[in-house]
Amino acid sequence: MKKVIFFMLNDYADWEGAYLSSQLNQNQEWTVKTASTQKEVTSIGGFKTLVDYQLNDILNQEVDLLVLIGGNSWSLENAELKKLIAERLANNEPVAAICGAVDYLAKNGLLTGYKHTGNAQYLWKDYAEYKNPTDFQMEQVVSDKNLVTSNGTAALEFTNLVLKKIQFTSNSEVDKITDLHKLGFYQYCDKYGNPFA
């Protein structure tokens, strides 16, 4: 069984991981777990989440995919979290970050060596450890090596590239998964046929 951990902080953006988590959780090969620096977090939308793991619990776990969900609390200073992400990146283990979580990567020098995107590069101008501004791409989502980065308006595009990164299914099937929500039901039916028939 493969494990994905969605790491979220208080005031997390509940919409950013919803498409991805629901696809993974419905697949028998994957188990979806949550983690944070505290036992319970509340989303921007007011959903209270009792997380499965504290940060310390996942430091030495086998995790097939680490997803960093954005929100309003990523200005934190946390050496253990930084080390966890840095080690995963160095060991070529998949990491996916969206919205404020990408700001955290930029602030901590964790985008070095990766093409990337984010909410807005100007937000990082005072980050001394952000060393590779020429690798920033003005795209909704960017996949490079074992890292996927995204801005906060790209939950579907994020889901698409993360599923492709982990080879969830064929790329064409991944496109169909996300097109159902991107195109809407009737345009999807015109393109692919009725998925529920």
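Residues numbered from 1 in each chain as written. Predicted model: local features only at pLDDT ≥ 70, side-chain atom pairs only at ≥ 80, totals over all residues. Heavy atoms only, no water.

Draft legend 1. The arrangement of the environment of valine 67 in detail. Turning to its location among the elements, valine 67 is positioned in strand E6 (residues 65-68). For the pair valine 67 and leucine 20, spaced 47 residues apart in the sequence, the C-alpha separation amounts to 9.5 Å. (Helix = DSSP H or I, 4+ residues; strand = E, 2+ residues; numbered from the N terminus.)

Draft legend 2. Molecular detail of the nonpolar core. Judged by nonpolar contacts, the single largest core of 30 residues is most densely connected at Phe7, Leu68, Trp74, Ile85 and Leu105. When residues of this core are traced back to their parent elements, those giving at least two are strand E1 (2-7), helix H2 (55-58), E6, helix H3 (79-90), strand E7 (95-98) and helix H4 (100-107). At 5 residues, H4 tops the list of elements feeding residues into this core. In contact with leucine 68, other than residues within four places in its own chain, are Phe7, Trp74, Ile85, Val95, Ala96, Ala97, Ile98, Ala101 and Leu105. (Core = buried A, V, L, I, M, F, W, Y, C linked by side-chain atoms within 4.5 Å. Buried < 20%, exposed > 50% of the residue type's maximum accessible area, 1.4 Å probe, protein only. Contact = heavy atoms within 4.5 Å.)

Draft legend 3. Representation of the side chain of glutamate 16. Within the element layout of this structure, glutamate 16 appears in the loop between E1 and helix H1 (18-25). Lacking a salt bridge, the buried glutamate 16 has lysine 182 as its closest oppositely charged neighbour, with an N-O distance of 17 Å. From its side chain, glutamate 16 meets the backbone nitrogen of glycine 70 in a polar contact 2.9 Å long. With near-sequence residues (within four places) excluded, glutamate 16 lies in contact with Ile69, Gly70, Gly71, Ile98, Cys99, Gly152, Ala155 and Phe158. (Lys, Arg positive; Asp, Glu negative; His and termini not counted. Salt bridge = Lys/Arg side-chain N within 4 Å of Asp/Glu carboxyl O. Polar contact = N/O pair within 3.5 Å; in protein donor to acceptor, adjacent residues only side chain to side chain.)

Draft legend 4. View of the packing of aromatic side chains. This structure, assessed with the given rule, holds 7 aromatic pairs. Ring plane angle 75° and centroid distance 5.7 Å describe the contact between tryptophan 124 and phenylalanine 136, whose orientation is recorded as edge-to-face. Of this pair, tryptophan 124 sits in the loop between H4 and strand E8 (141-144) while phenylalanine 136 is found in the loop between H4 and E8, placing the two residues 12 residues apart along the sequence. Assigned by exposure class, tryptophan 124 and phenylalanine 136 land together as buried. Centre to centre, the rings of phenylalanine 185 and phenylalanine 196 are 6.1 Å apart; their planes meet at 20°, and the pair counts as stacked. (Phe/Tyr/Trp six-rings, centres within 6.5 Å; stacked < 30°, edge-to-face > 60°.)

Draft legend 5. The environment of lysine 107, seen in detail. Position of lysine 107 relative to the elements: it lies in helix H4. For the pair lysine 107 and tryptophan 74, spaced 33 residues apart in sequence, the C-alpha to C-alpha distance is 9.9 Å. Every residue in contact with lysine 107, bar those within four places of it in the chain, is listed here: Ser75, Glu77, Tyr127 and Glu129. Within polar-contact distance, the side chain of lysine 107 engages the side chain of glutamate 77 at 3.2 Å.

Draft legend 6. How the structure looks around the packing of H1 against helix H5 (residues 155-165). Following both chains from N to C, one finds H1 and H5 inclined at 40°, their axes separated by 8 Å at the closest point. Taken together, the axis directions place H1 and H5 in an arrangement best described as oblique. On the side of H1, the interface is formed by Tyr19, Leu20, Gln23 and Leu24, while H5 contributes Ala155, Leu156, Phe158, Thr159, Val162 and Leu163. A breakdown of the residues in the contact of H1 with H5 according to their chemical character gives 8 nonpolar, 2 polar and no charged. (Axes fitted to C-alpha atoms, helices over the stretch in contact; angles between N-to-C directions. Parallel < 35°, antiparallel > 145°, perpendicular 65-115°, else oblique. Nonpolar A, V, L, I, M, F, W, Y, C, P; charged D, E, K, R; others polar.)

Draft legend 7. Representation of the sheet that holds E8. Pairing in this open sheet of 7 strands is mixed, and the strands run E5-E2-E1-E6-E7-E9-E8 from one edge to the other. With partners counted over all chains shown, the strands left at the sheet margins are strand E5 (53-54) and E8, one partner each. Across the sheet, H4 lies against E6, E7 and strand E9 (147-150), angled at about 110° from E7, the strand it touches most. Against the sheet, H5 contacts E6, E7, E8 and E9, and its axis sits at roughly 15° relative to E8. (Pairing = 2+ DSSP bridges.)

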